[in-house]
Structure formats: C-alpha cells, structure tokens
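# Descriptive structure summary
Each chain, written out:
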Amino acid sequence: MDSKLFIYNTLTRKKEEFIPINPGHVGIYVCGPTVYSDVHLGNCRTFISFDLIYRYLLHLGFKVRYVRNITDAGHLEGDRDEGDDKFAKKAKLEQLEPMEIVQKYTLAFRDVMRIFNTLPPSIEPTATGHISEQIEMIKQILEQGYAYEINGTVYFDVEKYSKEYPYGQLTNRKLEDLLEGTRELGGQDEKRGRLDFALWITAKPETLMKWPSPWGWGFPGWHIECSAMGRKYLGDTFDIHGGGMDLQATHHTNEIAQSQACNHKAPVKYWMHTNMLTVNGARMSKSAGNGFLPNELFTGNHPLLDKGYSPMAVRFFMLQSHYRSTLDFSNEALQASEKGFQRLMAANRILNKIKASDKSTVVVNDLTSRIYDAMNDDFNSPVAIAVLFDWVRNINSLAEGKESITQPDLDLLKQTFRTIVFDILGLVDEQSEGSKQELTSNLIDMLLNMRLEAKARKDFSTSDKIRDDLAKFGVVVRDRKDGFDWEIS
RNA sequence: GGUACCUUGGCCGAGUGGCUAGGCAUCGGUCUGCAAAACCGACUACGGCGGUUCGACUCCGCCAGGUACCUCCA
C-alpha cells in the first residue's frame, strides 16, 4: 500500500501522517485497567478501539509491540495524600489479600477482553512487577533536580519543570491557567507547589502493599508506572501512546513531565485518546454509578436494558462510531447495531453461495480502496462499515443473479470482505461457531430438506408445520429460489 | 470560576466550502402457495441569529443548550 496513514495527535491537535520511528516497526503503549473492580463497558470501549488500531497496524504489515499495563498497586483516592489505597480498601471490604483482589479482577478483565475478541497485547506488564524500575526512575528524576522528598514521600516539582518544558501541552493549557484552576485543598499540605504530584508515597502503618525504597517503605505514585514501563519496553521515545480521554489532563500530562525530566526527550510521538461512552448523555464512570458491566449487557440483566446483546453486536455497535467521538449507549442504538451486524454476517454466508460467471458487473477494487481510504483517515471504522454495507447490497444482488462476477473477482471479493470483517474489525460470526452448532445446523438442514420435499408434493400442511415448529425453537426459515436459508434468532 | 469540546433527518452515527455516508425504524413496490429475508424506490437533515463567500451544514462572531477536564475513573 502506498497510501498514507493519518493519525490524530492530541499533542498537536491535528491529523498527522504516521511515520514510525523505526521503519516497519511500531511501539504502542496503552494505559490498561486498574484491577480493583470489574471493568465496565466504557473501559471496554477504549480497549476495543485500540484493538482495532492494533489490528489495522498489523494488517498494514507493521511489526507491532503493543504494551498494555495492568495497574495493581497504589492509586490513592482523591488527590490528597491521606486517601486510602484502592487495593487495600477493596481488600478490607472483601476480606482478601490485596493480591487476591488483583488476581481476581485481572482474570476477569482478560476474560472480558477475550469475549470481545480483542487480541492480547504483546506485553502486559504489572506495576507491582516493576517496582525497581520505578524506583530507579524516581532516583534519576531526583538527581536531575525535578523532584524533592519530604518525610519519605517524593514529589515532582511541576513549577521547576515547567520553566524548561511546556507542562500543559497535552491539554493546551498554560501553567498560570492550571494554577488558577486548582481548587483550594483543605488541610495542611506538605507539597511545595499546588500542581506537584507524588512519585513515591510513604507507607502508613496500615498500608498493606509496600516496598522498601531509598526513602523508606512506601509505594509508587500512580503516574510513574507508565513512564517506567513504557521506557523499559519501548524505549525513551516511542511511537504511540494511548488511553481514554479522561487520562489526558492529569495522568498523561504527568507522564510526559516525568519522562521528559528523566530522559530529556519527548517520550511519545503520537498521543491518541479515545472518547467516552455515555449513558443518557452523561459519561459512564465508576464513581457516577451508571456503569454497565459486560455481563449485564450480555444477559440483559439490568434495569435500563430491554434484552441481552451478544458480545459481537456490542463490539460492532462500538465500531460504528469513531473512537474520538462520544458514543451514547441506549437500547434503540444497540438494537439497530445488532440487526445491522446480523445482516453483515448473513452477507458473509451468502458469499459462499454466489456462482461465478464470465464477466463482472461489480468492481471489487472499489471495496478495497474505499476501505483503505477510511481506515487510513485516523482509523475511521464507521466509514469503513458504511462501505461494507454498500457491498452487502452488492453481495445480495450477486446471489440473486442481478449482478455477475468472474471466479477470480469472486475469490478476491471473498478474501477482501473477510479480511476486513474478521481480521481488521475483529468481528466473529457467532452463529457459525463450534461443533455443537455444526450438529444443530446439520439437523436443521435435514428438516428443511424434508420440508422441501413436502413442498414439492404440495403437502403444505407438513411444510408449514416444520417451519412453524422450527420457529418455536427460534429458527427463522427463509425460502429461496434455489432452496432455503435459516438463522437462529 | 478556569479550559476545551459538542449540538446532523423518528433513533444511532459519518462527513465535506458547491457533487448532500451508512445502520436501524417507517412507507410503497418486486419476489413468494403464505410468511420472512433479499432487492428496487420513497423519506434528503445539519441548534438560533448575524457575517465572510458567487455559494456554508461545513469558515468567523454572538447567543442558547449540553458534555468533559481542572479531584479517583478508559
């Protein structure tokens, strides 16, 4: 492909041509979940978006190292340093060891990711597994004079840093504005500057997860893990760093500051941020209590849901909007996507029934080029899906003989269509999976062949009975000119 | 309060200075023993008020409404 890939870079607020640092290779870091509770659908959206991005980069032939961390340490509640550690708090609540909490929710997270058919990252590093790297980085930042220690806690000196580097560049803000916007913090604060944040936090007697450090027993601040692990696995400067938009202002801003202060290099070339999933216009979040758990969605067991939705219908729903747009979550929207998704899958099956002829009235290359145009424009999956639906129409017309296609073109169409749908968009035809399904499908075929015979001898009462009985089990039958078609509703 | 962003047809959602995605729903028609599916066709929108322009939904300004961030959250 000689067409160019463009990526919207939060740093410059523009779409920029993607030029990897090392030709042919891409290093990408995505902020993963904090595993002290179940991930909700909003979290899933971000990881599904980056899965699309990962898949497309792979498709383009890049050798990609995709790093997505698991945050399993630290994370104070509130910006004051007297907050509780999330893991310790949750551990107390569930009467478990903090690492039991971590294990439980890490496994649950991976299950959910698998259900949504996301590819596993190349490396999934944990914060607790990289304490020494984080301590090392903090030492380096201290040595360079961008941090200070007070009573075993190490703070990053934002004001000193901002004299040399643009601190608020990721959100296009000036330091003065940020200072102005900082709220009054109640109580005493040992930090020198209002914007300073902790790199290392001293352990209190009740702190459960703590490690020895040059500053005594403690645990790492939230932001340092990504700086340390990104550097370790992807280098001082790497290609893409991603995460949800909610991380942009604080987490990523501080990450840049730490890395820059330590390495004196911009850590990342392209910053990518995915937008929020909303419910009735408001952001889905843990604290707001409007989160949906994946399982509630699959089963429909939630007051706001009319019914359950399959994982692939949900994935498709998410891919139908652009990753930088908010996406509003509703029954109607979900149902529309579910039907569209089924139509797409049906077209894929119909593809197998098309017979080649001696000339083509459709231009397969149109599909290919339009898909690349869409995806190269900042991974525009909704436009790609629109193109796919134009071809759903073509595929149906081909099956009905209204259009014709040669064998080489048909082979190309099948290959292209499936590459897009399954490899790039990462969808799965849930209906055609597994051996049990195969048996079911054979049984249904058998019954429908009997029905065909009944119809041939005009025994419509029998043929209707077969159809109606199948309908009772949820099998929808459709007659076709050359036989039949069915699906499980 | 500060800083950004958003407002598209019944719903969801792309996008562009002129050629007006797509999905779902709805209404006609074709096909069918009936039904469904499929196909064909219809419905042609861009918050309000000004401005720039030959021309704006797309650019600028103001207003209204909304959202996010500034505090843990993808």
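Here is a short report on the structure shown in this document. (Residues numbered from 1 in each chain as written. Chains lettered and ligands numbered in written order. Predicted model: local features only at pLDDT ≥ 70, side-chain atom pairs only at ≥ 80, totals over all residues. Heavy atoms only, no water.)

### Comments concerning the side chain of threonine 171
Rules: Helix and strand assignments come from DSSP, with helices taken as H or I runs of at least 4 residues and strands as E runs of at least 2, each series counted from the N terminus. Two residues qualify as a contact provided that any one of their heavy atoms is within 4.5 Å of a heavy atom in the partner residue.
As for its position among the elements, threonine 171 is in the loop between helix H5 (158–164) and helix H6 (175–181). Ignoring sequence-local partners within four residues, the contact set of threonine 171 consists of Arg13, Gln248 and Ala249.

### Overview of the pairing of strand S10 (residues 268–274)
Along a regular strand, successive side chains alternate from one face of the sheet to the other. Quick reminder of the rule: In this scheme, a residue with accessible area under 20% of its type's maximum is buried, one over 50% is exposed, and one in between is partly exposed, where area comes from a 1.4 Å probe on protein chains only. Seen with its strands pointing away from the viewer, a crossover is right-handed when the path leading from the first strand over the helix to the second is clockwise.
Counting buried positions along S10 yields 6 of 7 residues, so the element is predominantly enclosed. Read as a crossover between parallel neighbours, the route from strand S9 (residues 238–244) over helix H8 (residues 248–263) to S10 is right-handed.

### Structural notes on the sheet that holds strand S8 (residues 218–220)
To keep it simple, the criterion reads: When DSSP finds two or more bridges between two strands, those strands count as paired. Fitted lines through C-alpha atoms give the axes, limited to the stretch in contact for helices. The angle between two N-to-C directions lies from 0 to 180 degrees.
Pairing within the open sheet is antiparallel, and its 4 strands lie in the order S5-S6-S7-S8. Sheet topology places strand S5 (147–150) and S8 at the edges, where each strand pairs with a single neighbour. Taken over all neighbouring pairs, the strand axes of this sheet differ in orientation by 20° on average, direction set aside. Here 3 bridges tie strand S6 (residues 153–156) to strand S7 (residues 197–202), and the two strands are oriented antiparallel to one another. In the strand pairing of S7, valine 154 is matched with tryptophan 200. The strands touched by helix H4 (residues 131–143) within the sheet are S5, S6, S7 and S8, with S7 carrying the most contacts at an inclination of about 120°.

### Here's the deal with the side chain of histidine 322
For histidine 322, the position within the fold is in the loop between helix H10 (311–319) and strand S13 (327–329). Residue contacts for histidine 322: discarding those within four places in its chain leaves Arg45, Asp378, Phe379, Asn380 and Pro382.

### Some points on a nonpolar patch on the surface
Condition: Patch construction takes residues with relative accessible area above 30% that form no salt bridge. Like charges are linked within 9 Å, and nonpolar side chains (Val, Leu, Ile, Met, Phe, Trp, Tyr) are linked within 5 Å. A 1.4 Å probe and the Shrake-Rupley method give the accessible areas. Residues count as covered only by the protein chains that appear here. Any carboxyl oxygen of Asp or Glu within 4 Å of a side-chain nitrogen of Lys or Arg constitutes a salt bridge here.
On the surface, Leu439, Leu443, Met446, Leu447 and Met450 cluster together into a nonpolar patch covering about 450 Å² of accessible area. For methionine 450, the position within the fold is in helix H15 (residues 435–456).

### Observations concerning the sheet that holds S10
Across the sheet, 4 strands lie side by side as S4-S3-S9-S10; this open sheet has parallel pairing. Both outer strands of the open sheet, strand S4 (63–68) and S10, are each paired with one neighbouring strand and no more. When strand polarity is set aside, the average angle formed by the axes of neighbouring strands in this sheet is 20°. Summarising the sheet, strand S3 (residues 25–30) and S9 pair through 3 bridges and their orientation is parallel. Within the sheet, the bridge partner assigned to isoleucine 28 lies in S9 and is isoleucine 240. Strand contacts of H8: S9 and S10, with the helix running at about 155° to S9, the strand carrying the most contacts.

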